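Geometric and topological summary
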Amino acid sequence: MLPAYLLNKIIQQRGLNMSLNRDSLVALCLIMLSGGLMLASFEIREPDYGVLSPAAWPRLIIIILGVLSVIYLLQSIRMPKEAKDAAPRKSIGEFILYWRNVIAVFSIFALYLIVLPYLGMLIGNILFSFILLTVLGGWRAILMHLLVALGASGGMWLLFTYVLEVFLPRGSLTGL
Amino acid sequence: MDIFLEALLNIIDPVTLIYMVVGVGAGLMAGSIPGFTIAMAIVLTLPFTFSMPPAQGLATMISVLVGGLSGGLMSGILTGIPGTPSSVATTFDGFPMARAGEPGLALGIGVWSSFCGGIISAILLVLFAPQLAMVGLEFQPWDFFMLVMFALTVTASLAGEHLVKGLIAGAAGLLIRTVGEDDAVGVGRFDFGSDYLLTGFDFIAVLIGLFAFSQLLSDLRNPVTARNALSDRKQVKVKIEHRRAIGILLKNWVVVIRSALIGMFTGILPGAGGSIANILSYDQAKKAAKDDSKFGKGDPRGIIAPEASNNAVEGGALTPLMALGIPGDITAAIMLGALLMHDIVPGPTFIKDEPVLAYSIYIAFFLASFIMIGMQSGVLRVFVLVTRIKTYVLATVILTFATIGVFALHNSIEDIWTLFFFGILGFVMRQFGFPLAPMILGVVLGNIAELNLARALAIDADPMLFFVRPWSLFFAIVAVFSMIFPIYQKHRNTGSLLERLFSPLVLFSLSLPLFMMGGLLRTALAVAAIAISSTILWRRFGSQSKA
């Protein structure tokens, strides 16, 4: 990230005993987000009526968020070196291995949401829970995963459709 | 009397009773499983209550809450792992007592302490909420705006050393609520030309994503523990010893009442919940004991104190919600969400305007405590079965359940996308050490803050009124000191100037708005505050100069 790189350079050139860490990067992201949102707030239409402009409240929050993010950045830069070095750096492979379950849940859930209009909630949920169970729990208990997926998703579909009378989405491909 | 009867009929309706029993059972289970919090159980109940009448929906949620508050003790006592953060202290003496061959007694003491704590706080809720609402009638938009700011800063201050992160989370919560059409004039904000953003995020989907989805992801992060079950026990042959437990509670009635009062008071403070109350009351019980040598080894008082206090917290948290419309903790914030979902906006006139609903809440609170007592033994058996289910199976089922629940809110797939996005955001925030409570409070209270800001400026455009009106100034002062509090805590026992000045300065500053409010009682309180702060200052500085 360019701002993080430049800030690190400045710190190094001035010979300061500081370096950017994870918190500094988060703080920089927040500062940039505040800046972006402040710019976006100027796109908010100003009506001729009403006392408080629709942009006033968000701008006030953005200013507070920006100031807090700067404080957060300063705090993170001044953090003792030992605290910064506490978490060992990971390679991309190690990172994926460490977060594999979380990445799996995110990916499968995103995929589920994309196919939901085509498969419908009943089939979609059965498939989603079966795939997620198998990815998280392994292939050995595949039969149990299938039974849990059918029982839990099917049971909930019946509960919502017939007891709570909620119309759950049908798939354009499956009709279910 | 008619109102009471109408409310009673609302609650003892067979369908409502069934929902309450199911709710208490679900709460007991959720509370007993480490990693699945009470707030998560309540937030997941929320979509179900959408189609129910308000009284029925709230009774169901209160049942989940009461069950959840009591459920943590089962896991804590039997496995040594607290089911919820609000039952951490219960394990200090509950687990040793169970290991010493008295699990039935330990559970009995825990169950009855929870019951007593719940009942005491329900009585105090009935007594205090209307009184606080009368004070709340004095509040004008400036005061409400500052009250929301105070709620956010005090919640952020609970993050301790990470105060700035807490404040950032609170501000982010407020900002999330601004996305979409402005409530006052209907102008789109931060929609970037997208219809999805123009309609705004459904705040219940946001809450479920931030809290439940992110929690499930945290539970699943470790592939090894995700495949483990909480316990491999096949069965637990425990009979809850009710009679002996009641006898012990009667002997230690002072501990019960003191702990319930601590819980109630902690609950009233915005942001502070059961996780603080149980430790605080355990500590007080230990300090007050003539002989504290058995604490940590299975002392009954070590179970009574945390369990009575954590159940009393919710009576406290519901008090400012019902009286002022400001939730005392995350669970009360979700309750506020339930009320808003039914177009009921709580405030100082809530008890007067919606007396049947207010009484229904009181009655449900009492009744749920009784249902909880009746269900503990049965749920204990189910608990053993549930603890044998592997974490990833439980998490997947809950995630599927959350997905359908969120869809059911408005029959909208977009809400599931909201759940997904905020699940990621919540998870990332947890990983970076940002507390979620201020953000959730920001999301829930964002509209209330903006509405009152607009109302205040419509009445008078002078912004100084936020700092010169008595109640507004009062909340502003408390908000400022709540932000300084973590720094003060850091300097405790160091003899620093901040440590010596903090409490007298708080009292002295608060005396100013109290004087401005007028009236005999408040003037007397202001004089007392000045007298106490002067005495403290004299003791801390006067004695030194003499020496």
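Residues numbered from 1 in each chain as written. Chains lettered and ligands numbered in written order. Predicted model: local features only at pLDDT ≥ 70, side-chain atom pairs only at ≥ 80, totals over all residues.

Helix and strand content of chain B: 25 helices and 2 strands. Against the globule reference of 24 Å for 547 residues, chain B gives a C-alpha radius of gyration of 23 Å, in line with a compact fold. Taken along its principal axes, the extent of the C-alpha atoms in chain B is 70 × 65 × 55 Å. For chain B, with 547 residues in total, the buried portion stands at 61%. Long-range contacts, defined as pairs at least 24 residues apart, comprise 77% of the intrachain contacts of chain B with a sequence gap of at least 6. (Helix = DSSP H or I, 4+ residues; strand = E, 2+ residues; numbered from the N terminus. Rg over C-alpha atoms; globule rule 2.2 N^0.38 Å. Buried ≥ 20, exposed ≤ 12 C-beta atoms within 10 Å, placed from the backbone. Contact = placed C-beta atoms within 7 Å.)

Take the environment of Val256(B) next. Residues and elements named next belong to chain B. Along the chain, Val-256 turns up in helix H13 (residues 253-268). As a C-alpha pair, Val-256 and Ile-120 span 136 residues in sequence and 9.3 Å in three-dimensional space. Residues in contact with Val-256, not counting those within four places in the same chain, are Ser-113, Cys-116, Leu-249, Ile-304 and Ala-308.

Right, let's talk about the domain arrangement of chain B for a bit. Residue and element names in this part refer to chain B. Annotation of chain B at the domain level lists domain 1 (2-454) and domain 2 (462-546). Look at where the C-alpha atoms of domain 1 and domain 2 centre, and you get two points 32 Å apart. With 16 residues of domain 1 at the interface, the matching set in domain 2 holds 14 residues. The dominant element in the side of domain 1 that touches domain 2, judged by the number of residues it contributes, is helix H7 (residues 141-157), at 10 residues. Residues belonging to the side of domain 1 that touches domain 2 are distributed by class as follows: 9 nonpolar, 4 polar and 3 charged. (Domains from an automatic or database assignment. Nonpolar A, V, L, I, M, F, W, Y, C, P; charged D, E, K, R; others polar.)

The next subject is the interface of chain A and chain B. Facing 51 residues of chain A, the contacting portion of chain B comprises 46 residues. Broken down by element, the side of chain A that touches chain B gets its largest block of residues, 18 residues, from helix H6 (residues 100-137) of chain A. Residue composition of the side of chain A that touches chain B, by class: 41 nonpolar, 8 polar and 2 charged.

The next point concerns unusual backbone geometry. Residue and element names in this part refer to chain B. One non-glycine residue with positive phi stands out, namely Phe-192, at about 50°. Relative to the elements of secondary structure, Phe-192 occurs in the loop between strand E2 (188-189) and helix H9 (195-198). Despite not being glycine, Asn-411 has its phi angle at roughly 50°, a positive value. Examined against the element boundaries, Asn-411 turns out to sit in the loop between helix H19 (391-410) and helix H20 (413-431).

Turning to the nonpolar core, a few remarks are in order. Residues and elements named next belong to chain B. Counting residues in each nonpolar core, the largest one holds 232 residues, and the members touching the most others are Val-43, Val-148, Ile-168, Leu-207, Ile-208, Ala-364 and Ile-440. For this core, the leading source of residues is helix H18 (residues 355-386), giving 16 residues. Residue contacts for Ile-440: discarding those within four places in its chain leaves Gly-173, Leu-207, Leu-210, Phe-211, Ile-330 and Ala-333. (Core = buried A, V, L, I, M, F, W, Y, C linked by C-beta atoms within 7 Å.)

Once that is clear, we can look at the confidence of the model for chain A. A low pLDDT means the predicted coordinates there should not be read in detail. Confidence along chain A averages 85 in pLDDT terms, with 82% of residues attaining 70 or more. The weakest mean pLDDT in chain A belongs to helix H1 (residues 2-13) of chain A at 55; the strongest belongs to H6(A) at 95. (pLDDT = per-residue confidence, 0-100.)

The subject of this paragraph is the packing of helix H4 (residues 54-79) of chain B against helix H5 (residues 88-99) of chain B. Residue and element names in this part refer to chain B. With their axes 7 Å apart at the nearest point, H4 and H5 run at an angle of 50° to one another. With respect to H5, the axis of H4 lies oblique. The element H4 and its partner H5 pack so that their crossing is right-handed. Listed contacts from H5 to Gly-72, Leu-73, Gly-76, Ile-77 and Leu-78 of H4 are Thr-90, Thr-91, Gly-94, Phe-95 and Ala-98. Partitioned by chemical class, the residues of the contact of H4 with H5 number 5 nonpolar, 5 polar and no charged. (Axes fitted to C-alpha atoms, helices over the stretch in contact; angles between N-to-C directions. Parallel < 35°, antiparallel > 145°, perpendicular 65-115°, else oblique. Left-handed = near helix turned anticlockwise from the far one by under 90°.)

This part covers the confidence of the model for chain B. Averaged over chain B, the pLDDT score is 86; the fraction of residues at 70 or greater is 96%. Scored by ipTM, the complex comes to 0.87, with pTM at 0.84.

Bringing helix H3 (residues 56-77) of chain A into the picture now. Under the 1.5 Å per step criterion, the end-to-end length of H3(A) is 32 Å for 22 residues, consistent within 8% with the ideal 32 Å. Within the span of H3(A), buried status applies to Trp57(A), Pro58(A), Ile61(A), Ile62(A), Leu65(A), Leu68(A), Ser69(A), Tyr72(A), Leu73(A) and Ser76(A). In an axial view of H3(A), the angular spread of the buried residues amounts to 150°, which keeps them on one side of the axis. In this structure, the buried residues of H3(A) make contact with helix H2 (22-41) of chain A together with helix H8 (163-178), E2 and helix H21 (437-459) of chain B. (Expected span 1.5 Å × (residues − 1). Arc of directions from axis to C-beta.)

This next bit is on the environment of Arg301(B). Residue and element names in this part refer to chain B. Examined against the element boundaries, Arg-301 turns out to sit in helix H15 (residues 301-324). The buried category is assigned to Arg-301, around which 24 C-beta atoms lie within 10 Å. Spatially, the C-alpha atoms of Arg-301 and Phe-466 are 46 Å apart, while their sequence positions differ by 165 residues.

With that out of the way, let us pick up H4(B). Residue and element names in this part refer to chain B. Across its 26 residues, H4 extends 38 Å between first and last C-alpha, which sits within 8% of the 38 Å expected from 1.5 Å per residue. A bend of about 25° at Leu-69 is the largest found in H4. Of all 26 residues in H4, 26 are buried, a share of seventy percent or more. Positive phi shows up at Gly-80, right after H4, with a value of about 85°. (Bend = angle between axes of the 7 residues up to and from the residue.)

Between two packed helices, what matters for the description is the angle formed by their axes and the separation of those axes. All names here are of chain B. At a closest axis distance of 9 Å, the pairing of helix H3 (residues 38-49) and H4 adopts a crossing angle of 160°. On the basis of the axis angle, H3 is roughly antiparallel to H4. Our pair here, H3 against H4, has a crossing hand that is right-handed. Contacts between H3 and H4 pair Ile-38, Ala-41, Ile-42, Thr-45 and Thr-49 from the former with Gly-57, Thr-60, Met-61, Val-64, Leu-65, Gly-68 and Leu-69 from the latter. For the contact of H3 with H4, the class distribution of residues is 7 nonpolar, 5 polar and no charged.

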